[in-house]
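# Observations on the three-dimensional arrangement
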Amino acid sequence: MSKVTRELITLQVGCYANFVGTHWWNLQEASFVYNTSTPTDINHDFLFREGITSQRQETYTPRLLAIDLKGSLHSLPSHGTLYSDLGEPSTSEASWGGQVELIHQLPQEKNDFLKDLEQEDVRFRGLVDEDKDICIDDSKISETDTASKKIYDLSKSVQVWSDFLRPHLHPNAIYLIDNLLPSVGRAAAGSTGGTWGGFSSGHSAFQREEVEEEITDRIRCLAESCNSLQGFQLLSDIHDGMGGVSCGILQHLADEYGSKDSITFTTSPPHLAPSTDPARILMQASIIQSYAELSQLSSVLIPLNLRKSVLDFEAPYSAFQHLTMKEYNAYVTSSIMAAFLDTVSMAYRSRTLPLPLANVVDILTPARRKVAGGSLAFPLGISSTQSLSDWLHQEQKSSFVSLSSGCNFNLEPVSEVLTIRGIPASRLNRPDAKRSGGRVFASADQLYKDFLQTSLKPPSFRYVVGAVDPVKTPAPFPNIFTPSVTDEGYIDIYQKTPLQGVSSVPCSAGLHQSKGLADLLQQLLTAAKKFDVMKHPSLLEEGVDKDSWVGMTEDLQDMTYNYCGDSEEITSDDD
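Being a predicted model, the structure only gives us computed values, none of them experimental.

### Some thoughts on the overall build of the protein chain
A count of helical and extended segments in the protein chain gives 15 helices and 15 strands. Expressed as a percentage of the 575 residues in the protein chain, the buried residues total 55%. Across the protein chain, contacts joining residues at least 24 apart in sequence account for 80% of those joining residues at least 6 apart. Carbon and sulfur atoms provide 48% of the accessible area of the protein chain, an area that totals close to 25,800 Å².

### Considerations on the sheet that holds strand 11 (residues 413–421)
Within a sheet, each strand pairs with its neighbour through backbone hydrogen bonds, oriented either parallel or antiparallel. Taken in spatial order, the five strands line up as 10-9-15-11-12 in an open sheet, and their pairing is mixed. Across the chains shown, the open sheet's two edge strands, defined by having one partner strand only, are strand 10 (401–402) and strand 12 (461–467). Alignment of strand 11 against strand 12, held across seven bridges, turns out to be parallel. Paired with Glu416 across the strands is Arg462, a residue of strand 12.

### Considerations on the sheet that holds strand 1 (residues 8–13)
Ordered in space as 5-4-1-6-7-8, the six strands form an open sheet in which the pairing is parallel. Edge positions in the open sheet fall to strand 5 (174–177) and strand 8 (300–304), since each of these has one partner strand only. Neighbour-to-neighbour, the strand axes of the sheet open up by a mean angle of 15°, direction not taken into account. Examined bridge by bridge, strand 7 (residues 261–267) and strand 8 share five bridges and lie parallel to one another. Its bridge partner being in strand 8, Thr267 is matched across the sheet by Leu304.

### Re the pattern of salt bridges
Under the defined criterion, the tally for this structure stands at 14 salt bridges. Where Arg208 meets Glu210, a salt bridge forms, and the shortest distance between an N and an O atom there is 3.2 Å. The closest approach of N and O atoms between Asp342 and Arg421, which form a salt bridge, is 2.9 Å. Linking Asp342 in helix 8 (residues 330–344) with Arg421 in strand 11, this pair joins segments that are 79 residues apart in sequence. Both residues of the pair, Asp342 and Arg421, belong to the buried class. A single salt-bridge network, built from bridges that share partners, covers Glu29, Glu120 and Arg166.

### Quick look at the packing of helix 4 (residues 199–207) against helix 6 (residues 242–256)
Where helix 4 contacts helix 6, the axes come no closer than 6 Å and their chain directions differ by 45°. When the axis of helix 4 is compared with that of helix 6, the two are oblique. Along this stretch, helix 4 crosses helix 6, giving a crossing that reads as right-handed. Across the interface between the two elements, Phe199, Gly202, His203 and Phe206 of helix 4 pack against Gly243, Gly244, Val245, Cys247, Gly248 and Ile249 of helix 6. Class assignment for the residues of the contact of helix 4 with helix 6 results in five nonpolar, five polar and no charged.

### Looking at the side chain of Arg166
Tracing the backbone shows Arg166 in the loop between helix 3 (138–143) and strand 5. Looking at Arg166, the relative accessible area reads 14%, which means it is buried. In this structure the side chain of Arg166 is engaged in a polar contact, spanning 3.1 Å, whose partner is the side chain of Glu29.

### Looking at the nonpolar core
In this structure, Phe19, Phe265, Phe320, Ile336, Phe340, Phe378 and Phe481 are the most contacted members of the largest nonpolar core, which totals 77 residues. No other element matches the ten residues that helix 8 contributes to this core. Grouped together as the second largest cluster of nonpolar side chains are 63 residues, Leu234, Leu282, Ile288 and Leu301 included.

### Comments concerning the pairing of strand 15 (residues 507–514)
Along strand 15, eight of the eight residues are buried, which leaves the element largely enclosed by surrounding structure. Where strand 9 (residues 373–377) lies against strand 15, five bridges are found, and the strand directions are antiparallel. The residue of strand 15 that forms the bridge with Ala377 is Ser508. Two elements, strand 11 and strand 15, share eight bridges in a ladder whose sense is antiparallel. Note on strand 15: the bridge partner recorded for Glu416 is His512.

### Focus on unusual backbone geometry
The amide bond that connects Phe378 to the next residue, Pro379, takes the cis arrangement and shows omega of -10°. Structurally, the position occupied by Pro379 is in the loop between strand 9 and helix 10 (388–394). With omega at 15°, the peptide bond leading from Ala475 into Pro476 counts as cis. If you trace the backbone, Pro476 turns up in the loop between strand 13 (471–472) and strand 14 (504–505). Located in the positive-phi region is Arg368, a residue other than glycine, with phi close to 65°.

### Focus on the packing of aromatic side chains
Enumeration over the complete set of coordinates arrives at 16 aromatic pairs. When the centroid spacing of 5.7 Å and the interplanar angle of 50° are considered together, the rings of Phe378 and Phe481 count as tilted. Placement of Phe378 in the loop between strand 9 and helix 10 and of Phe481 in the loop between strand 13 and strand 14 is noted, with a sequence separation of 103 residues between them. The pair Phe378 / Phe481 is uniform in exposure class, with both members buried. Through pairs of rings, three or more aromatic residues link up here, namely Trp24, Trp25, Phe32, Tyr34, Phe48 and Tyr60. Over the ring of Tyr317 we find Arg307, and its NZ or CZ is 4.2 Å from the ring centre. The ring of Tyr490 has Arg427 lying over it, and the distance from NZ or CZ to the ring centre is 3.9 Å.

### Topic: the confidence of the model for the protein chain
For the protein chain, mean pLDDT is 85; residues scoring 70 or higher make up 83% of the total. Residue range residues 86–94 is modelled with pLDDT below 50. Its contacts to residues more than four positions away, or to other chains, number eight contacts. Within the model, the stretch residues 128–144 combines pLDDT values under 50 with 14 contacts to residues more than four positions away or in other chains.

About the cut-offs
- Residues numbered from 1 in each chain as written.
- Predicted model: local features only at pLDDT ≥ 70, side-chain atom pairs only at ≥ 80, totals over all residues.
- Heavy atoms only, no water.
- Helix = DSSP H or I, 4+ residues; strand = E, 2+ residues; numbered from the N terminus.
- Buried < 20%, exposed > 50% of the residue type's maximum accessible area, 1.4 Å probe, protein only.
- Contact = heavy atoms within 4.5 Å.
- Areas by Shrake-Rupley, 256 points an atom, 1.4 Å probe, with all protein chains shown as cover.
- Pairing = 2+ DSSP bridges.
- Axes fitted to C-alpha atoms, helices over the stretch in contact; angles between N-to-C directions.
- Salt bridge = Lys/Arg side-chain N within 4 Å of Asp/Glu carboxyl O.
- Parallel < 35°, antiparallel > 145°, perpendicular 65-115°, else oblique.
- Left-handed = near helix turned anticlockwise from the far one by under 90°.
- Nonpolar A, V, L, I, M, F, W, Y, C, P; charged D, E, K, R; others polar.
- Polar contact = N/O pair within 3.5 Å; in protein donor to acceptor, adjacent residues only side chain to side chain.
- Core = buried A, V, L, I, M, F, W, Y, C linked by side-chain atoms within 4.5 Å.
- Phe/Tyr/Trp six-rings, centres within 6.5 Å; stacked < 30°, edge-to-face > 60°.
- Lys NZ or Arg CZ within 6 Å of the ring centre and 35° of its normal.
- pLDDT = per-residue confidence, 0-100.

Laid out in structure tokens, this is it:
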């Protein structure tokens, strides 16, 4: 197999999508291995790129374009801080002899995590400046790393995603759109539960010359920095106008990078609570339009939602047995989505046998089925005295939670890509496996795959990935674990000492293709058929017309038919 690293570009579109993405980049940086004697299965070159600053400092930044609205950042400048001078501003460089007036603007107050992170940067740059030609000892740098070792409670202080961003971003990694609705003036940077216009206004915003040019130029620069670009991964909000922005981006990718694959993860915060009926209608319509349009333009689309219904904003939440979540807090709920992304993406960013993104797409999209689902066991649920083999036979099924609006992936499964990580060799087999003649496995993925072969309804195709690396959960990952979770992510119901944080978590995640997705698509189709565009002024203001809505509904019905296979089944809810 070729050793060439085939890069991926990540696009994050929308406020909640950037919350998820921020946690994901934090998790990836936490998993960096600087000690060559420590084993790792992660190849970070797929998603990160090397660079150098004007001070000759090497950088390692995400291949990322994050898109949001102006006003969505607090203390972080839109160009980042990677190339900024941490010292005091100087007036000695003025090119004229007159008086210089320096005007100070009061900065946004930073939380404790950002303050500690800034101090780390100062100490690190001081170490580098001592002698730029001398390599810095990793142990000296790690001594300054206090932000990841302290325990923070950021659930109340985090207001925007940059409030807990750990890695530095390239100066062109963030693009802020001025307004989604320039003519109506309804868009504003608010909480993730608000609305910034609908799908159509977002698509119109992307088509503005200055917006489209800025976004496409930055994508082009990212693509040109790759030696062997294989595709794109898109995280997009779909409950507001950002779904329309993503539609424009995906159309551009199809036109300019048609040979590259794209995997789209749609996100919407579980705490959406529209205060008025027009706002609720606009959100629901945007979600329906986003599914219909983004699925057409993506190689594969993975819906992510912690509620058991994508359109019912009061539906029950998907519960995790060993987590205590604050469902109305974007900083908390987005961390679950990030753990899922960090785990399932191991399939195509593995150090040893990475599965090309094109192969992931082929596995998940048989017979024109372009919508797949996601599941997560976080933490895995293994007790501190249990082997993986014992857990699989006793508790495996009860640990997995659907992240795609409660879809049942065991219903006529077709194909799946599974990842299991963080289980050392010492925890794979029963202690008496050799003496009793039981099979002994060398890796978690081998054991997991062998166990799944006995499933009652195995899919036509299954690909299992294993990784020695657990999910690393130091600060600023929220402390969402119950007291029974140990520091290494195992379960100990007799744990007596007060929990001071969980440093790592073994977990498993999956991407699934099955008839279970039909329930989600049927829900969208039924709602789309009941919408009368002419009776909703909020949609008319968006520019939605009856003919375009009917055409979109027909596309959604075709997509649903691929999962139901029965025309009577997909129309039975119309009565």
